[in-house]
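Residue-level listing of the chains:
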Amino acid sequence: AARSLTGRGEGAEAIVRQLAWRDWYAHTTYARPDIDRVALRPEYDAIEWERGPDADRAFDAWRDGRTGYPIVDAGMRQLAATGWMHNRVRMITASFLVKDLLVDWRRGERWFRHLLSDGDVPQNAGNWQWVAGTGPDAAPYFRIFNPTAQSRRFDPDGIYLRQWVPELAGLDDRAIHEPAAVAPLDLAAAGITLGQDYPFPIVDHAAAREETLAVYKRALESARDG
């Protein structure tokens, strides 16, 4: 299949890349059947994940699409309703759980696999480890998706957001990506009261990013120092 698609344009080449990733994760899982349970780069199993009630509340808000970040909430609601979401949104929502909420990637992997109509261990666990930075060929740990920037880039007209987060539909194409930054009077004009109709953001992305970088750095330093 890959050979027949070679040289047939950007779309075909993108499919070939995805087939390569599929095969890579299948071979990796054959070699490491514990791919869904342990970090394939073991130094990252020293990460100080959020635990206890705070982690449970954060996970529940993510799972239920009530994080206050519309693109994350849209993706999680679509997953719950249909068993599917686009790969870009999978990366955004996974990054948010791991890198913004500091919840162990294994919890997210299990939830995705529970709901995804196309979910299986090699692809799901492999891609979660890619997002978390814990896999053998993963995104660097300091790559952290900005959910608002991603939303504006890939859904500039807010079409996806309006479909899955309809309580924000009255906001304009820019405001809908970040309702927490909208003036209260403008929110009221759209029929929205934050904290009632739609949640406040459960974390500040910029602050969460800095905390995550520090946590990952400590894990790497701990592994290096033995």
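Just so it is clear, the model here is predicted, and its values are computed rather than measured.

Conventions and cut-offs
Residues numbered from 1 in each chain as written. Predicted model: local features only at pLDDT ≥ 70, side-chain atom pairs only at ≥ 80, totals over all residues. Heavy atoms only, no water. Axes fitted to C-alpha atoms, helices over the stretch in contact; angles between N-to-C directions. Helix = DSSP H or I, 4+ residues; strand = E, 2+ residues; numbered from the N terminus. Parallel < 35°, antiparallel > 145°, perpendicular 65-115°, else oblique. Left-handed = near helix turned anticlockwise from the far one by under 90°. Contact = heavy atoms within 4.5 Å. Nonpolar A, V, L, I, M, F, W, Y, C, P; charged D, E, K, R; others polar. Salt bridge = Lys/Arg side-chain N within 4 Å of Asp/Glu carboxyl O. Buried < 20%, exposed > 50% of the residue type's maximum accessible area, 1.4 Å probe, protein only. Core = buried A, V, L, I, M, F, W, Y, C linked by side-chain atoms within 4.5 Å.

Draft legend 1. The packing of helix α5 (residues 87-100) against helix α7 (residues 121-132), seen in detail. At a minimum axis distance of 9 Å, the contact between α5 and α7 shows a crossing angle of 60 degrees. By the angle between their directions, the pair α5 and α7 is classed as oblique. α5 and α7 meet at a crossing whose hand is right-handed. Side by side, α5 and α7 meet where Met91, Ala94, Ser95, Leu97, Val98 and Lys99 of the first sit next to Trp128, Trp130, Val131 and Ala132 of the second. For the contact of α5 with α7, the per-class residue count stands at eight nonpolar, one polar and one charged.

Draft legend 2. Local environment of the pattern of salt bridges. Within this structure, the stated rule accounts for 19 salt bridges. Note that Arg37 and Asp36 form a salt bridge whose closest N and O atoms lie 3.0 Å from each other. We note a salt bridge from Arg63 to Asp60, for which the minimum N-O separation is 3.3 Å. Linking Arg63 with Asp60, this pair stays in helix α3 (residues 53-63), spanning three residues, or about one helical turn. Take Asp60: its relative accessible area is 30%, and that puts it in the partly exposed class. Shared partners join several salt bridges into a network, and the residues in it are Asp36, Arg37, Glu109 and Arg113.

Draft legend 3. Spatial organisation of the environment of Ala189. Secondary-structure assignment places Ala189 in helix α10 (residues 184-189). Residues Ala189 and Leu171, 18 residues apart in the sequence, show an inter-C-alpha distance of 8.7 Å.

Draft legend 4. Representation of unusual backbone geometry in the model. Unusually for a residue other than glycine, Leu102 sits at a positive phi of about 55 degrees. The exposure class of Leu102 is buried, given its relative accessible area of 4%.

Draft legend 5. Up close: the nonpolar core. Counting 53 residues, the largest nonpolar core has Trp62, Val72, Phe112, Trp128, Tyr160, Leu171 and Tyr216 as its most contacted members. If you list the elements that add at least two residues to this core, you get α3, α4 (70-82), α5, α6 (105-115), α7, α9 (159-164) and α11 (205-225). The element that contributes the greatest number of residues to this core is α5, accounting for seven residues. With residues up to four places along the chain from it excluded, the contact list for Tyr160 reads Ile71, Ala74, Gly75, Gln78, Met85, Val89 and Asp155.

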